[in-house]
Every structure is written in C-alpha cells, then in structure tokens.
Protein chains: 2
Amino acid sequence: MNHIKAIAFDLYGTLFDVHSVSVQCDEQFPGRGQEISNVWRQKQLEYTWLRSLMNRYIPFEHVTEEALRFTIRHLGVELDERACRSLSDAYLRLQAYPEVPDALRALRDRGLKLAILSNGSPHSIDAVVTNAGLRNSFDHLLSVDPVRVYKPDNRAYELAEQTFGVGRREILFVSSNAWDATGARYFGFPTCWINRGGKTFEEMGQRPDWEVNGLDRLVTLFASANG
Amino acid sequence: MNHIKAIAFDLYGTLFDVHSVSVQCDEQFPGRGQEISNVWRQKQLEYTWLRSLMNRYIPFEHVTEEALRFTIRHLGVELDERACRSLSDAYLRLQAYPEVPDALRALRDRGLKLAILSNGSPHSIDAVVTNAGLRNSFDHLLSVDPVRVYKPDNRAYELAEQTFGVGRREILFVSSNAWDATGARYFGFPTCWINRGGKTFEEMGQRPDWEVNGLDRLVTLFASANG
C-alpha cells in the first residue's frame, strides 16, 4: 500500500450504519423496524441504479422518499406525510460505526488525504458528517450531484480522481457495498471491501484487493505495509 | 387504444414465468427451490442494471450464471459446475403463462404487429419461444444484445420503435416488471402493466396507462375500445 496517497470512502453502509434508521422505523411500526429498513434500503439502491439508467436523476433525498413510499405501500403500513418526512430525515442522522472516528484520525496521521464519495446530495453528506461530529475528519466531501448520475457509473468515480489530483492507482476506494467496490475496481481504483457481517461479494467479474471486517483493520493494513 | 398499431412485450416474467425454474431448483435443493429462485432472479436483474451502468455488458445467459453463482454462495448451498449449467439452462425452457397463447392469437387477429423486446440474448429468446411452441406468434424477436445495454436504458426501447417503423405513441409496451413499465413510459410508449399477483408498482414518477391481471384482459381492453 506504499503507493496509496489518498482514500475515498463510500458513506452509506461503509462509514455510517444505514440500518440505524430501523430504530426510528420501529418507533412508528413496533416490531417491524428491521423489515421496513431492509426493504427501504434495497429500493433506495435500486432506484439510484434505475434512475441513472433512465437518465432521470433526482437528488438522493428524493430517491430516499420515493423508496420509502414504495416500502409503506408494499408492506401495507399506514404513514402520513409528516411521519414519512420525519423517517426520511432519519437518513441525515445516521450513526457512524464505532471504530470509524479513531480510524479516520489514524489514517490522516499517516499523511493520507481523505474524502467521502457518496450518492448523497451535498446537503445530506454535510448533515450526516456534521451530526456525527466528523466534519473535520475529511479533506473533501464529494457528492455525485454535479454529474447527475449515481454510482457505479464511471462519472461518479471520476470525481474523486479529479478532486485529489492524483492518478486513480494512487487512490484507495473503500466501500462496504460489494457492487460499489466492483464498480470502483472496474474504474481502476485499488479497492478495499469492508465486510462487517460475513456478507457475500458480488459475482460481476471483480474481486476486492483487500477485505477487512472494520475500518480499524484498514489502519492495521497500512501500518504493516508501511511500517 | 384506437391508435395502437403494434405491441412490444417483455419476455421474462411477462409472457413466461421465471419462477418455473424453481421446480428445477427444488430438485437440486429439496424445499429451497422458491427461495433460491427468488434470490437468483433478484440478482439477475441487479446485475443487468449494474453492468449497464458500469458499461460492462455481457450476454444475458452469462449474467444469469453469475447471478446463480452469487445465489449459491450467498445461501451456502453446494452446486457443481455441471449442475450450475443445468440450472441456468432451465431459463431456456420457461413456461408461458396459461392465457398467453390464446391472447397472442387474438391480438394478431385484430391486425396488430407483435414483438418481444427482451434482455435475453437472441439465442435465449429464440429457445424460450420455440420450446413453448410460440415461435410463429410474433413478427419480431428483439434482443437488447445489438445495443449492448439492458433495459431500462432508452437505447433498448428504441429497438422496438426502429423495428416496427411507427412512432412510439403507436406502440403499446407490455410488461409485468414495474421498473420496465416505468422505463418504457419515460421513453414515451403507452404502457400496460400486467399485475398477476397484486404487486406494488414502483414509485419513480410514472404510472402505467393500463393495469390488468393477465394477457386475456388486455385482449378485452382492445375489444371494448375498438369494438
């Protein structure tokens, strides 16, 4: 890893736990929070891919609301407009995984430049990071919004290369989302897959360069490679 | 529906039941056929969208095999190469929904031109339709393969417009896949959603022009509109 000069992190599911919204879901629908959260997240992802393919980009918060609307109709639960908005807002107050703050500090201490590269809108990314007290942990917060297409379209990954101003082989891409790690690797980033839960990597012709079960292990990888 | 001159049908899930492969899955893995078939179909769709976005098209049969490989690893079941190939081949022998043959005949008798517009490769489409004895029911069998991108990319829908040689407002698009019906409607096709199982339509800013619970009801729609 001696050649790595910068790291681009995915946000949702990688640094922040998207299923932390299940607590709010559970308040609205006791006992069904996890189920609602799972369908909602799956649809949110599908809608980013489908809208990108249809060339019908809308900002991530709106995709998130559409996905929630599908979820409540699909599961046959009742939710008024105000509660719907309140649940969508829960995506602005996601919890960081516990090891994340210390790991970011350690990576920066090694002289690495750090960025978030996320499907979220600039407002969403800023809100999530600020609410978690991590605003100063990053050199750049990059949203796909300027290119109006979602990952894994190459134009999304290009944003990180352009912003860091170094070659893509010198930028480590870090994601818990196996489809995102696949896209990043096809783009040309060395890629680390964070697999916290014994998940199965996608079968789309790529494998991650590294696989770890938490961000603290990524710090260890750098330490053992670079001394 | 007086202005409709031609109909383009989706194949998988619309005219043919993709979960008819669950019988073969159940032979390999007794009691788990439906579960395997569901995960497999979901991944197959995801991989068509993701590979399209990554600009990494491979033919549909190969996507189907990759999706199966993910499914067996994800569910922790054992499947050797030969059995894997045999299951993938089951996608070439799907069953048509029971009302389909008569409905196609009735629509053609009204003077409508009929085509399949499918993600499947030319070989797959031909095999499925021929195995079901429906090869002569269509004027055209259209695969997305020449444009090397999957639905709902506009380039896929354009194939039907170009082949029929009439304007898109005169072509009815018929699909059971709500995401496909959404893409077709954004493209500009009048669209009929076949909802056989009380499913939930997607929330991506479109609604189908018509919704019916089987192809026979589509014939009724034409009969009542055109006398």
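Residues numbered from 1 in each chain as written. Chains lettered and ligands numbered in written order. Predicted model: local features only at pLDDT ≥ 70, side-chain atom pairs only at ≥ 80, totals over all residues. Heavy atoms only, no water.

Going by the annotation in an unreviewed UniProt entry, the name recorded for chain A is (S)-2-haloacid dehalogenase, with Paraburkholderia hospita given as the source organism. Under Sequence similarities (unreviewed entry), UniProt gives the following word-for-word description of chain A: "Belongs to the HAD-like hydrolase superfamily. S-2-haloalkanoic acid dehalogenase family." The Catalytic activity (unreviewed entry) field of the UniProt record for chain A holds the comment "an (S)-2-haloacid + H2O = a (2R)-2-hydroxycarboxylate + a halide anion + H(+)". (UniProt positions renumbered as here; feature names shortened; annotations may be inferred.)

S.K.: Is there a simple way to think about the overall build of chain A in this case?
M.R.: Broken down by element type, chain A carries 9 helices and 8 strands. A compact globule built from 227 residues would reach a C-alpha radius of gyration of about 17 Å, and chain A, at 17 Å, matches this within 12%. Oriented by its inertia axes, the alpha-carbon framework of chain A measures out at about 55 × 35 × 30 Å. Counting over 227 residues, chain A shows a buried share of 59%. Long-range contacts, defined as pairs at least 24 residues apart, comprise 61% of the intrachain contacts of chain A with a sequence gap of at least 6. (Helix = DSSP H or I, 4+ residues; strand = E, 2+ residues; numbered from the N terminus. Rg over C-alpha atoms; globule rule 2.2 N^0.38 Å. Buried < 20%, exposed > 50% of the residue type's maximum accessible area, 1.4 Å probe, protein only. Contact = heavy atoms within 4.5 Å.)

S.K.: Got a minute to help me understand the side chain of A:Ser175 in this structure?
M.R.: Residues and elements named next belong to chain A. Take Ser-175: it is sitting in strand E6 (residues 171-175). Take Ser-175: its relative accessible area is 0%, and that puts it in the buried class. Engagement of the side chain of Ser-175 in a polar contact is seen with the backbone nitrogen of Asn-177, the distance being 3.0 Å. In this view, Ser-175 contacts Asp-10, Thr-14, Asp-180, Ala-181, Cys-192, Trp-193 and Ile-194; residues no more than four positions away in its chain are not counted. (Polar contact = N/O pair within 3.5 Å; in protein donor to acceptor, adjacent residues only side chain to side chain.)

S.K.: Can you help me understand the sheet that holds strand E6 (residues 171-175) of chain B in this one?
M.R.: Strands belonging to one sheet form pairs held by backbone hydrogen bonds; the direction of such a pair is parallel or antiparallel. Residue and element names in this part refer to chain B. If you trace the 6 strands from one edge of the open sheet to the other, you get E5-E4-E1-E6-E7-E8, paired in parallel fashion. Lying at the two open borders of the sheet, with one neighbouring strand each, are strand E5 (140-143) and strand E8 (210-212). Direction aside, the axes of adjacent strands within the sheet are offset by 20° on average. One ladder, built from 4 bridges, connects strand E4 (residues 113-118) with E5; its direction is parallel. Bridge assignment links Ala-115 to a residue of E5, and that residue is His-140. (Pairing = 2+ DSSP bridges. Axes fitted to C-alpha atoms, helices over the stretch in contact; angles between N-to-C directions.)

S.K.: For this particular structure, what's the right way to read the relation of the copies chain A and chain B?
M.R.: To go from the first copy of the chain to the second, apply a rotation about an axis and then a shift along the same axis. The transform that puts chain A on chain B rotates by 180° and translates by 0.0 Å along the axis, for an RMSD of 0.0 Å. The relationship between the two copies is best expressed as a two-fold rotation axis. When you check the interface residues of chain A against chain B, 100% turn up at the interface there too, and the contact is symmetric in its surfaces. (Least-squares fit on C-alpha atoms with pLDDT ≥ 70 in both.)

S.K.: Any chance you could explain the interface of chain A and chain B here in plain terms?
M.R.: Much of the literature gives interface size as the accessible area that the parts lose upon coming together. Facing 31 residues of chain A, the contacting portion of chain B comprises 31 residues. Together, the buried faces of chain A and chain B total about 3000 Å²; carbon and sulfur atoms form 61% of this surface. In this structure, the connection of chain A to chain B is made through 18 residue pairs in polar contact (both at pLDDT 80 or more). Here the side of chain A that touches chain B takes 9 residues from helix H2 (residues 33-53) of chain A, the largest share from any one element. The residue inventory of the side of chain A that touches chain B, partitioned by class, reads 11 nonpolar, 8 polar and 12 charged. (Buried area = accessible area lost by both parts, 1.4 Å probe. Nonpolar A, V, L, I, M, F, W, Y, C, P; charged D, E, K, R; others polar.)

S.K.: Please explain the layout of surface pockets as it appears in this structure.
M.R.: Picture a little ball the size of a water molecule; that probe, rolled over the atoms, points out where space is still empty. Computed from the structure, the second largest pocket encloses a volume of approximately 240 Å³. For the second largest pocket, the lining is made up of 17 residues, of which A:Leu53, B:Ser52, B:Val149, B:Asp153 and B:Arg155 are closest to its centre. Secondary-structure elements contributing two or more residues to the lining of the second largest pocket are H2 of chain A together with helix H2 (33-53) of chain B. It is H2(B) that provides the largest number of residues to the lining of the second largest pocket, a total of 3 residues. For the lining of the second largest pocket, the residue count by class is 6 nonpolar, 4 polar and 7 charged. (1 Å grid on protein atoms, 1.4 Å probe; cavity = no way out; pocket = protein on both sides within 12 Å on 5 of 7 lines; lining within 4 Å. Points joined across faces, edges and corners; volume = space filled by probe spheres on them.)

S.K.: Which parts of the structure should I look at to understand the packing of aromatic side chains?
M.R.: Centre distance and the angle of the planes are the two values used to describe a pair of aromatic rings. This structure, assessed with the given rule, holds 26 aromatic pairs over all chains. Residues A:Trp40 and A:Tyr91 carry aromatic rings whose centres are separated by 5.1 Å and whose planes lie at 75° to one another, so their mutual orientation is edge-to-face. Note that A:Trp40 is positioned in helix H2 and A:Tyr91 in the loop between helix H4 (81-89) and strand E3 (95-96), a separation of 51 residues in sequence. A:Tyr91 shares its class with A:Trp40; the two are buried. Ring geometry for B:Tyr157 versus B:Phe187: centroids 6.0 Å apart, planes at 35°, classification tilted. In this pair, B:Tyr157 is assigned in helix H7 (residues 154-164) and B:Phe187 in helix H8 (residues 178-187), connecting sequence segments 30 residues apart. Members of the aromatic cluster, each reached through a chain of ring pairs, are A:Tyr12, A:Trp40, A:Tyr57, A:Phe60, A:Tyr91 and A:Tyr150. Between A:Lys43 and the ring centre of A:Phe70, over which it is positioned, the NZ or CZ distance is 4.4 Å. (Phe/Tyr/Trp six-rings, centres within 6.5 Å; stacked < 30°, edge-to-face > 60°. Lys NZ or Arg CZ within 6 Å of the ring centre and 35° of its normal.)

S.K.: Explanation requested: the pairing of E4(B) in the structure shown.
M.R.: Every regular strand shows the same layout, with side chains that alternate between the two sheet faces. Residue and element names in this part refer to chain B. With 5 of 6 residues buried, E4 is to be regarded as a mostly interior element. In this structure, strand E1 (residues 6-9) lies alongside E4, joined through 4 bridges in parallel fashion. When the sheet's bridge partners are listed, Ala-6 is paired in E4 with Lys-113.

S.K.: What's the story with the pattern of salt bridges in this structure? I'm lost.
M.R.: Side-chain pairs of opposite charge can arise whenever the charged atoms involved come near each other. Residues and elements named next belong to chain A. Applying the stated criterion across every chain, the model contains 38 salt bridges over all chains. A salt bridge links Asp-153 to Arg-155, with the shortest nitrogen-to-oxygen separation between them at 2.9 Å. Taken together, the salt bridges that share partners define one network made up of Glu-65, Arg-69, Glu-81 and Arg-85. (Salt bridge = Lys/Arg side-chain N within 4 Å of Asp/Glu carboxyl O.)

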